[in-house]
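# Architecture at a glance
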Amino acid sequence: MVLDLLLIALAITLDPLPVMAFVLVVASARGVWKGLTFILGWLACFVAVIALVLALTGGQPPAPKSPPSTAALAIKLTIGVALVLYGVHRHRRRQLVRDRTPSAATTAGSEAGHPDTSEPDVSSSQGSSSSIGSRLDRGSVGASAGLAVLLQPWGLVAAGAVTVVEANTSHFSTWLALFSFCLLATATLLAAELYVVFAPESAQPRLLRMRAWMEGHQQQAIVAGCLLIGLYLTGKSIYQLTS
């Protein structure tokens, strides 16, 4: 259980979409307080899911090969397969976009009599970021918590919830594993928040540059995360169901 939880938490904390949104949150007006509220909403989701699972199981894992244990493994297998399929879908869509973009740029370049020197359109990306940032400036501190709930990678959270079914709360190590899951899944956000608190002048431009870099690599990160975690969950679930 511990290894599964840590791997899932690592995938959550490396998910680029919440991090990119969080950078805009802390870069907005009253960003430190909004960032703190975002983190509290983010953590509240984990605590609520874990509490719900433990309430259903009574803090005791189901017996091996029992119907509840088999059902939990079947759900974990379904989540793993869904993550793999989603990763493949994102990869194929990225390939289609990449195949179309050079051809369009080449056609435009040949018509203008110039070679293809196309580069990513950074200006449109910056314009979109500034538009979102202006909306965040007007938003309330409490709205950041709702944004955190919306941006949760719920597929990975569901995988973590099914893994918590195996938790035995009579052991201190179980509580330590659950705490480590919540902490690791929030580590990237906490690091950015602390950076803004202790080095506000240098933090904002560096975080925005990091966000711009992540925006160009988010598809690769999402595909890799979905495939790796999905294949791991699928393989382990099949092994446990058949052994």
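Scope of this entry: the structure provided in the associated data block.

What counts and how
- Residues numbered from 1 in each chain as written.
- Predicted model: local features only at pLDDT ≥ 70, side-chain atom pairs only at ≥ 80, totals over all residues.
- Heavy atoms only, no water.
- Core = buried A, V, L, I, M, F, W, Y, C linked by side-chain atoms within 4.5 Å.
- Buried < 20%, exposed > 50% of the residue type's maximum accessible area, 1.4 Å probe, protein only.
- Helix = DSSP H or I, 4+ residues; strand = E, 2+ residues; numbered from the N terminus.
- Contact = heavy atoms within 4.5 Å.
- 1 Å grid on protein atoms, 1.4 Å probe; cavity = no way out; pocket = protein on both sides within 12 Å on 5 of 7 lines; lining within 4 Å.
- Points joined across faces, edges and corners; volume = space filled by probe spheres on them.
- Nonpolar A, V, L, I, M, F, W, Y, C, P; charged D, E, K, R; others polar.

Buried together is how nonpolar side chains tend to be arranged in soluble globular proteins. Within the largest apolar cluster, 44 residues are counted, with the highest numbers of intra-cluster contacts made by Ile-12, Phe-46, Val-164 and Phe-181. Of all the secondary-structure elements, those providing two or more residues to this core are α1 (2-13), α2 (16-27), α3 (31-57), α4 (67-112), α7 (154-164), α8 (172-185), α9 (187-198) and α10 (200-242). Beyond its immediate stretch of four places on either side in the chain, Phe-46 contacts Ile-12, Gln-152, Val-157, Phe-181, Cys-182, Ala-185 and Thr-186.

One number sums up the size of the second largest pocket: a volume of about 450 Å³. Taken together, 20 residues make up the lining of the second largest pocket; nearest its centre are Ala-11, Leu-156, Ile-222, Gly-225 and Cys-226. Those elements that provide at least two residues to the lining of the second largest pocket are α1, α2, α4, α7 and α10. It is α10 that provides the largest number of residues to the lining of the second largest pocket, a total of seven residues.

Once rolled over the atoms, a probe with the size of a water molecule shows which space is left empty. Enumeration over the complete set of coordinates arrives at one cavity of 30 Å³ or more. Volume-wise, the largest cavity comes out at about 30 Å³. Looking at the largest cavity, the residues that line it are Phe-46, Val-49, Ile-50, Val-157, Gly-160, Ala-161, Val-164 and Phe-181. Only α3 and α7 provide two or more residues apiece to the lining of the largest cavity. Here the lining of the largest cavity gets four residues from one element, more than from any other, and that element is α7. In the lining of the largest cavity, the residues fall into seven nonpolar, one polar and no charged.

So, to be careful, I would describe these as geometric facts and stop short of saying anything about function.
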